[in-house]
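Observations on the model geometry
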Amino acid sequence: WIYGVFCSESKDAASSDLSAAVAQAGIVRTKDFKSWERLPNLITPSPQQRNVVLHPELIDGQYAFYTRPQDDFINAGSGGGIGFGLCRDILHPRIEKEILVDERQYHTICECKNGAGAVPIRTEKGWIHIAHGVRNTAAGLRYVIYLFVTDLKEPWRVIAKPAGYLIAPLAEERCGDVDNVVFTNGAAVLPDGSVYIYYGAADTVECLAFADEDALIGLCL
């Protein structure tokens, strides 16, 4: 199976606010990209979930998800950063326990919230994660893309994380439907080691950045 994970939004039935919504992780799967099966939304201990990524390998025979727990639709609240959890049955997807992988921290690029982006890239030295971080500024929220690496056998354990960001909004990427945002949800690794990083800019256009797998892991380590 090939799985797709996306943000599934529905109205918050407990609120009279017509714009109030509940974010959960929706799951679909296919074998031929022609017919698709819609699976139930992922259930976790958190009230809302955004930016959920499926790990590309089973962990102890279970499906593994990187999560982004948060208290409401916009604000992370008590959500501590990028989480990790195991799911026994993908047809009844449920995570009983989330552990923190990469925490958000005060006065950093991940001050306000952070979340997974592309599916992790396996290298000989660890899993490369291409994630996003958000901080609050006088001009509003600023989204950037950053890297970290987790252990090959324990992909919930961070072993390297360079300071700062990999990509930040620049020039025409800064202005659009939502200013000062770059956000990735996809990356492709070519046989020659080239990495294509797809990212949205200002919630308006889709951009493509070119990198090298060895250079990315070298930057992290």
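In this report, we go over the structure that sits alongside the text. Here the structure is a predicted model, which means the values were calculated and not measured. (Residues numbered from 1 in each chain as written. Predicted model: local features only at pLDDT ≥ 70, side-chain atom pairs only at ≥ 80, totals over all residues. Heavy atoms only, no water.)

A word on the sheet that holds strand β3 (residues 36–42)
Note the cut-off: What makes two strands pair is DSSP finding at least two bridges between them. Put simply, DSSP marks the helices as runs of H or I at least four residues long and the strands as runs of E at least two long, and each gets a number from the N terminus on. Orientation is described by axes fitted as lines to C-alpha atoms, over the contacting stretch for helices, and by angles from 0 to 180 degrees between their N-to-C directions.
As summarised here, the arrangement of the three strands in space is β1-β2-β3, forming an open sheet in which the pairing is antiparallel. In this open sheet, the two edge strands, each paired with only one partner strand, are β1 (2–11) and β3. Across the sheet, the axes of successive neighbouring strands diverge by a mean angle of 30°, strand direction being ignored. Relative to β3, strand β2 (residues 21–30) runs antiparallel, the two being bridged by five bridges. Of the residues in β3, the one forming a bridge with R29 is E37.

Some points on the pattern of salt bridges
What counts is decided by this rule: Salt bridges are defined by distance alone: a side-chain nitrogen of Lys or Arg within 4 Å of a carboxyl oxygen of Asp or Glu. Classification of residues uses two cut-offs on accessible area relative to the type maximum, computed with a 1.4 Å probe and protein chains only: under 20% is buried, over 50% is exposed, and between them is partly exposed.
Summed over all chains, the structure comprises five salt bridges. Among the ionic pairs, E37 bridges to R29, the shortest N-O distance being 2.8 Å. Taking the relative accessible area as the measure of exposure, E37 reaches 30% and is therefore partly exposed.

Details of the nonpolar core
To be explicit about the condition: Only buried residues count toward a nonpolar core, which is a set of Ala, Val, Leu, Ile, Met, Phe, Trp, Tyr and Cys residues joined through side-chain atoms within 4.5 Å.
Counting 19 residues, the largest nonpolar core has I128, I130, I145, L147, I167 and Y199 as the members making the most contacts within it. Counting residues per element, the ones that place at least two in this core are β12 (126–137), β13 (140–150), β16 (194–201), β17 (205–212) and α1 (213–220). Sort the elements by how many residues they give to this core and β16 lands first, with four residues. Counting residues in hydrophobic clusters, the runner-up holds 15 residues, among them I59, A64, I109 and A168.

On their own, these measurements won't tell you what the molecule is for.
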